[in-house]
Amino acid sequence: MSKEREIQQRLILLEQLREQAEALQRRLVEIELFKSELERTIESLEFFEKSEEKTEALMNLGGGVFAYVDIVEKKKFLVDVGSGIVIEKELREAIDFLNKKKENMEKTRAEIEEAIRSIASRMESLQREIAELSKEAEK
């Protein structure tokens, strides 16, 4: 196989790895946004847990419209457990469920970061191979 062909194959692989790394980076951003949302929700639920009287809150109706609502029942909440399934949970159960979800997001984030490091290492190796092949092709 010619040096030019070997270089071309490695360049194609390098581009594929770059695309994979970018996709993983986008996934990291999504995870961080979702984790932030979970943290805000947990904070809100913990606020409800501490308050003893009815609480006024803003409810998002969609389309940028909000309504003031009085939250009288703060012991049970409807929680999306996945696949569009919503179940009623006690306040502490809801907080625990969201904390577990957050832990899973953190594990996933760590796995993705490790995959990105692995791809970066492979890319560096390919770049060295390409440089070496280019030197050999010039001879």
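See the structure printed just above.
What comes next concerns the included structure.

Rules and cut-offs
Residues numbered from 1 in each chain as written. Predicted model: local features only at pLDDT ≥ 70, side-chain atom pairs only at ≥ 80, totals over all residues. Heavy atoms only, no water. Pairing = 2+ DSSP bridges. Helix = DSSP H or I, 4+ residues; strand = E, 2+ residues; numbered from the N terminus. Phe/Tyr/Trp six-rings, centres within 6.5 Å; stacked < 30°, edge-to-face > 60°. Buried < 20%, exposed > 50% of the residue type's maximum accessible area, 1.4 Å probe, protein only. Contact = heavy atoms within 4.5 Å.

**Overview of the pairing of strand β3 (residues 76–82)**
Working note: regular strand, side chains alternate between the two faces of the sheet. Across 6 bridges, the pairing between β3 and strand β4 (residues 85–90) is antiparallel. Paired with Lys76 across the two strands is Glu90, which belongs to β4.

**Some thoughts on the packing of aromatic side chains**
One pass over the full model with this rule turns up 2 aromatic pairs. For the pair Phe47 and Phe48, a centre-to-centre distance of 6.1 Å together with 55° between the ring planes defines the contact as tilted. By relative accessible area, which is 49% here, Phe47 ends up partly exposed. Taking the centre distance of 5.8 Å and the plane angle of 20° together, the rings of Phe48 and Phe77 count as stacked. Here Phe48, found in helix α1 (residues 3–50), pairs with Phe77, found in strand β3; they are 29 residues apart in sequence, far enough to count as distant. A single burial state applies to Phe48 and to Phe77, both of which are buried. Among the aromatic residues, ring-to-ring pairing joins Phe47, Phe48 and Phe77 into one connected group.

**Section: the side chain of Lys35**
One can find Lys35 in helix α1. Assessed through its relative accessible area of 10%, Lys35 is described here as buried. Lys35 has contacts with Lys102, Glu106 and Arg109, leaving out every residue within four places of it along the chain.

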